[in-house]
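A look at the structure
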Amino acid sequence: MPAENNPNNKQRSLHILVFSASLRKDSLNTQLAKLAVKVIEKKGGIVDYASMSEFDCPSMNQDLENNDFHPEGAKEFRKRILANDAFIISSPEYNGSMPGFIKNMIDWVSRIRPQPFNEKHALLMSASPSMAGGNRALWSLRMPLEHLGTRVYPSMFSLAIAHKAFTDEGSIADKDLQERFEVNLEAFMSLAEAAKNYPCIKKAWVEFLGEKTDAITERIE
C-alpha cells in the first residue's frame, strides 16, 4: 500500500517545548519566546510553554548525588524534553556568554541516565538591547548541547536592540525581521517533523572516533 494511503503512516503532530532562559519578570527573551509560541501554533505545532523558574537548580555539586539525588528542576526539565519532539530556548547574554544558571541546569540533567538531549532537535534564540542581539550567548550554549548529542539548528535567531523591537501586540515591529523570524521557525519545525515522522537508522554517538565509553563518560544508553 502506498505510504500516503496507509492509515498507519499518518503524521503525528509536532510537540515543542519553548522557554526563556531568563528569571527576570519583564525579560526580552520571554517576549521572544512567547512570540515563538504564537508562530508555532499558527503553523500547526503543539507548544509546551515553560518558565525557567520551573527548571532552576542549586549549584552543581557531585557530592549531592548521594542516594541518586537529582534536583527537582533538573528532573522536571528532563521530563519535559522527553515529552516533546524538540525544544526552543530564548537565552539572554551575560558578559558575552550564556547565563550560569542554564549551564548549571544542563550539567545537572546530563547526570541523569539516560540523559535526554541526545538526538533531540533544538533551536536557539536571543534578544538583547545590544547591537549583537545576544548572539554570543547562543554560541556558548550550543557547545554543551551539541556535546550531549543535541541536533542544534544551524540558523540561530538574535534580535538586536530588542527593547525597541516589539510592538504593543508582541510581534516584531520590523516586518522583514518578523518574516525572517517566522521563516526560521517554520524551517526548524519542518526538520524536526521530518525526524519525528520519517526516522532513519539511529547511530550511537561517541565523542571521538574509536572511543569506547564506560559508565563515567557515556552520554547515551
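The structure this text deals with has already been given above.
Our subject in this report is the structure included herewith. (Residues numbered from 1 in each chain as written. Predicted model: local features only at pLDDT ≥ 70, side-chain atom pairs only at ≥ 80, totals over all residues. Heavy atoms only, no water.)

**Remarks on the overall build of the chain**
Within the chain, the regular secondary structure consists of five helices and six strands. Within the chain, buried positions represent 47% of all 221 residues. Within the chain, contacts between residues separated by at least 24 positions form 78% of all contacts whose residues are at least 6 apart in sequence. In the structure as shown, the chain presents an accessible area of about 12100 Å², 52% of it carried by carbon and sulfur atoms. (Helix = DSSP H or I, 4+ residues; strand = E, 2+ residues; numbered from the N terminus. Buried < 20%, exposed > 50% of the residue type's maximum accessible area, 1.4 Å probe, protein only. Contact = heavy atoms within 4.5 Å. Areas by Shrake-Rupley, 256 points an atom, 1.4 Å probe, with all protein chains shown as cover.)

**Some points on the side chain of Arg80**
Tracing the sequence through the fold places Arg80 in helix H2 (residues 72-83). The exposure class of Arg80 is buried, given its relative accessible area of 11%. Reaching out from Arg80, the side chain makes a polar contact with the side chain of Glu76 at a distance of 2.8 Å. Setting aside residues up to four positions removed in sequence, Arg80 forms contacts with Leu17, Asp48, Tyr49, Ala50, Glu54 and Phe55. (Polar contact = N/O pair within 3.5 Å; in protein donor to acceptor, adjacent residues only side chain to side chain.)

**Examining helix H1 (residues 28-42)**
For H1, built from 15 residues, the straight-helix expectation of 21 Å at 1.5 Å per residue is met to within 8% by its first-to-last C-alpha distance of 21 Å. The set of residues buried in H1 consists of Leu28, Asn29, Thr30, Leu32, Ala33, Leu35, Ala36, Val37, Val39 and Ile40. Here H1 starts with a cap whose side-chain oxygen sits 3.0 Å from the backbone nitrogen of Asn29, and that cap is Ser27. After H1 finishes, the residue Gly44 shows a positive phi value of roughly 95°. (Expected span 1.5 Å × (residues − 1).)

**A look at unusual backbone geometry**
Backbone torsion omega between Arg113 and Pro114 reads -5°, so that peptide bond is classified as cis. Along the chain, Pro114 turns up in the loop between helix H3 (100-110) and strand E4 (121-127). Of note in this structure, Asp68 is not a glycine but carries a positive phi near 60°. Tracing the backbone shows Asp68 in the loop between strand E2 (46-51) and H2.

**Remarks on the pairing of strand E1 (residues 15-20)**
By the criterion of burial, E1 is predominantly enclosed, with five of the six residues buried. Taken together, the six bridges between E1 and E2 define a ladder with parallel strand orientation. Among the inter-strand pairings, Val18 is bridged to a residue of E2, identified as Tyr49. Taken together, E1, H1 and E2 form a β-α-β motif whose crossover is right-handed. Pairing analysis gives five bridges linking E1 to strand E3 (residues 86-90), with the strands arranged parallel. Bridging from a neighbouring strand, Ser20 pairs with Ser90 of E3. (Pairing = 2+ DSSP bridges. Right-handed = clockwise from strand over helix to strand, strands pointing away.)

**Some thoughts on the nonpolar core**
The biggest cluster of nonpolar side chains holds 29 residues, and the ones touching the most others in it are Ile88, Leu159 and Phe181. Secondary structure elements with two or more residues in this core: E1, H1, E3, E4, strand E6 (157-159) and helix H5 (175-197). Non-local contacts of Phe181, meaning those with residues more than four positions away in its chain, are made with Leu32, Leu35, Ala36, Val39, Met125, Phe157 and Ile172. Phe77, Ile89, Ile102 and Phe117 belong to the second largest nonpolar core, which has 28 residues in total. (Core = buried A, V, L, I, M, F, W, Y, C linked by side-chain atoms within 4.5 Å.)

**Quick look at the pattern of salt bridges**
According to the stated counting rule, one finds 13 salt bridges in the structure shown. Taking the shortest distance from any N to any O, the salt bridge between Glu186 and Lys43 comes out at 3.5 Å. One end of the pair, Glu186, is in helix H5; the other, Lys43, is in the loop between H1 and E2, with 143 residues separating them in the sequence. On the accessibility criterion, Lys43 (33% relative accessible area) is partly exposed. Between Glu72 and Lys75 there is a salt bridge; the shortest N-O distance is 2.9 Å. Placement of the pair is Glu72 and Lys75 together in helix H2, with a separation of three residues, close to one helical turn. (Salt bridge = Lys/Arg side-chain N within 4 Å of Asp/Glu carboxyl O.)

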